[in-house]
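Tertiary structure, described
In case you want the letters, here they are:
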Amino acid sequence: MNIRLYVLQRATAAIMAPLVLAHIVIIFYATSRGLSAAEILGRTKGSIGWGLFYGLFVLAAATHGAIGLRAIASEWTPLRGHALDALMWGFGVALAALGLRAVSAVVL
Amino acid sequence: MADMIEVLLWRGKEDGRYQTFQVPQRENQTVLDVVSWVQRNADPTLSYRFACRVGVCGSCAMTVNGRPRWTCRTHTSRVVENGRLKIGPLANLPVIKDLAADLQPFFEKWQQAKGVFAPSKTRADPVETISPASAPRIAADAAIECINCAVCFAACDTVRWNEDYLGPAALNRAWTLVNDVRDAGNRERLAAVAADGGCHACHSHQSCQEHCPNKLNPTASIAGLKRRTMQAYIRGEL
Ligand code: SF4
Ligand code: SF4
Ligand code: FES
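Source: prediction; values computed, not measured.

Remarks on the pattern of salt bridges
All names here are of chain B. Enumeration according to the criterion identifies 13 salt bridges over all chains in this entry. With a closest N to O distance of 3.2 Å, Asp-141 and Arg-137 form a salt bridge. With Asp-141 and Arg-137 both in helix α4 (residues 135-143) and 4 residues apart, this pair spans about one turn of that helix. Using a relative accessible area of 36% as the deciding quantity, one classes Asp-141 as partly exposed. With a closest N to O distance of 3.3 Å, Asp-157 and Arg-160 form a salt bridge. Of this pair, Asp-157 and Arg-160 both sit in helix α6 (residues 157-161), separated by 3 residues, roughly a single helical turn. Exposure remark for Asp-157: the relative accessible area of 23% places this residue in the partly exposed category. Shared partners join several salt bridges into a network, and the residues in it are Arg-11, Asp-43, Lys-97 and Asp-98.

What to know about the nonpolar core
With 58 residues, the main nonpolar core has Leu9(B), Ile87(B) and Leu99(B) as its most contacted residues. Top element by residues in this core is helix α7 (residues 168-178) of chain B. It accounts for 6 residues. Among the domains, domain 1 (4-101) and domain 2 (104-234) of chain B are the pair contributing at least three residues each to this core. Membership of the second largest hydrophobic core comes to 9 residues, among which are Met1(A), Val7(A), Ile67(A) and Ala194(B).

Looking at the site of ligand 2
Around ligand 2, a shell composed of Cys146(B), Ile147(B), Asn148(B), Cys149(B), Ala150(B), Val151(B), Cys152(B), Ala169(B), Cys212(B), Pro213(B) and Leu216(B) is seen. Broken down by class, the residue content of the shell around ligand 2 amounts to 10 nonpolar, 1 polar and no charged.

Looking at the environment of Leu84(A)
Residues and elements named next belong to chain A. By the secondary structure assignment, Leu-84 is in helix α4 (residues 81-107). Leu-84 sits 21 residues away from Ala-105 along the chain, and the two C-alpha atoms are 32 Å apart. Residues in contact with Leu-84, not counting those within four places in the same chain, are Arg-70, Ala-73, Ser-74 and Leu-79.

Observations concerning the interface of chain B and chain A
Counting from both sides, the interface comprises 17 residues of chain B and, opposite them, 11 residues of chain A. Buried surface at the junction of chain B and chain A, both sides included, amounts to about 1300 Å², of which 56% is carbon and sulfur. Counting the contacts that link chain B with chain A gives 2 salt bridges. Run the count over chain B and chain A and you get 5 residue pairs in polar contact (both at pLDDT 80 or more). Elements with a contribution of two residues or more to the side of chain B that touches chain A: α6 and α10 (218-234) of chain B. Among the residues making up the side of chain B that touches chain A, the classes are represented as 7 nonpolar, 6 polar and 4 charged.

Side note on the environment of Ile130(B)
Residue and element names in this part refer to chain B. Tracing the backbone through its elements, the reader meets Ile-130 in the loop between α3 (104-112) and α4. Taking the C-alpha atoms as reference, Ile-130 lies 50 Å from Arg-84; in sequence the two are 46 residues apart. Not counting chain neighbours up to four residues away, the residues in contact with Ile-130 comprise Arg-137, Val-181 and Arg-182.

A word on the domain arrangement of chain B
Residues and elements named next belong to chain B. One can read the domain layout of chain B as domain 1 (4-101) and domain 2 (104-234). Taking only C-alpha atoms, the centre of domain 1 and the centre of domain 2 are 29 Å apart. Between the two partners, domain 1 and domain 2, sit 1 salt bridge. At the junction of domain 1 and domain 2, the tally comes to 3 residue pairs in polar contact (both at pLDDT 80 or more). The element best represented in the side of domain 1 that touches domain 2 is strand β4 (residues 67-70), accounting for 4 residues. Broken down by class, the residue content of the side of domain 1 that touches domain 2 amounts to 9 nonpolar, 3 polar and 2 charged.

Analysis parameters
- Sequence positions are assigned chain by chain, starting from 1 and proceeding in written order.
- All chains are assigned letters beginning at A, and all ligands numbers beginning at 1, according to the order in which they are written.
- Local features in a predicted model are, by the rule used here, given only for residues with pLDDT of at least 70; side-chain atom pairs are given and counted only at 80 or more, and totals for whole chains, interfaces and linings are based on all residues.
- With hydrogens and water excluded, all non-hydrogen atoms of the structure serve as input to the side-chain values.
- We define a salt bridge as a contact between a side-chain nitrogen of Lys or Arg and a carboxyl oxygen of Asp or Glu at a distance within 4 Å.
- Helical segments are the DSSP runs of H or I of at least four residues, strand segments are the runs of E of at least two, and each set is numbered from the N terminus.
- Think of it in three bands: with a 1.4 Å probe and only protein chains considered, a residue is buried below 20% of the maximum accessible area for its type, exposed above 50%, and partly exposed in between.
- As used in this record, nonpolar core signifies buried Ala, Val, Leu, Ile, Met, Phe, Trp, Tyr and Cys residues forming a set joined through side-chain atoms within 4.5 Å.
- Domain delimitation follows an automatic or database domain assignment.
- If even one non-hydrogen atom of a residue comes within 4 Å of a molecule or strand, that residue is called near it.
- Three residue categories are used. Nonpolar comprises Ala, Val, Leu, Ile, Met, Phe, Trp, Tyr, Cys and Pro, charged comprises Asp, Glu, Lys and Arg, and polar comprises the others, including Gly.
- Here, two residues are considered to be in contact whenever any of their heavy atoms come within 4.5 Å of each other.
- Buried area: the accessible area, evaluated with a 1.4 Å probe, that two parts lose upon being put together, summed over both parts.
- Here a polar contact is taken to be a pair of N or O atoms separated by no more than 3.5 Å, where protein atoms must pair a possible hydrogen donor with a possible acceptor and residues adjacent in sequence count only if both atoms sit in side chains.

Here's what the structure looks like:
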């Protein structure tokens, strides 16, 4: 891992830490109130705030996970150089696409 | 104390095997004494490396009952298990023959990490006074007593997993120079240790520190490099 990836991975971890906590509190709130799926969607649809919150979460998680996967692959597979970067980008973009698709489904 | 130790010594190159010898056990006997006894009394073709025999030169390191150790300062009484000693060449390095590992990759990484002093003055300049109590000197002094034995290199899992990793000793050396106010090579040095395979590949699991015979703490030096390169990166110097 080089310094750029190292800083990015630490920065995304720092972004995610409060988001994960908020996410857990939100789950707790929604289940303890017994909100139905329709009620939850009623609150999230069209909400810029929820879109930004989970959009940022998805991007941070995709970046963090992809860099981590690259580090693991560099130690546990013979992949080197560009092959490692291709794996990182492929995984990161796929994660981001899946995550953003899920976010758009509850927000749009 | 049993009179004889069953000693298994690695013979040949990577595809070699262990050969068993019976060696008389003595008081205050070191692992290097055992190896020398075999070479002098049982098999003169045994290859191994040593020089000072007092823990200064760093050339006698081998794998002893599974752990990398400096053999000239390791008493057999401390490491014999069930009357047996299994001695092989250092791990994570090519084997030249028998107990002699090839240290070339180890020293090449030392060079890659810019572990060479880059002078900032000429011989015409006056000698610079450096206070031993200054913070950079204290940091450098804590890491300076490395004898290049490669014990930490052999003990590091990240070295084994990632052939590009510079390893604990080279990074520890780079840290001493980063803290040497007379050195002029830190831009290149920080760039070298911040690249792929540099300090950020370290898992901080402290195997190097645990095994270093001189009780150095390469993990702490590497953590220092991580901080220093981060600061340089944020300032846009990397
Ligand atoms: S702390 Fe770093 S250098 Fe030391 S053994 Fe672990 S990975 Fe290797
Ligand atoms: S840091 Fe310690 S174990 Fe590593 S080469 Fe130097 S003296 Fe040997
Ligand atoms: S022979 Fe010099 S350190 Fe062991």
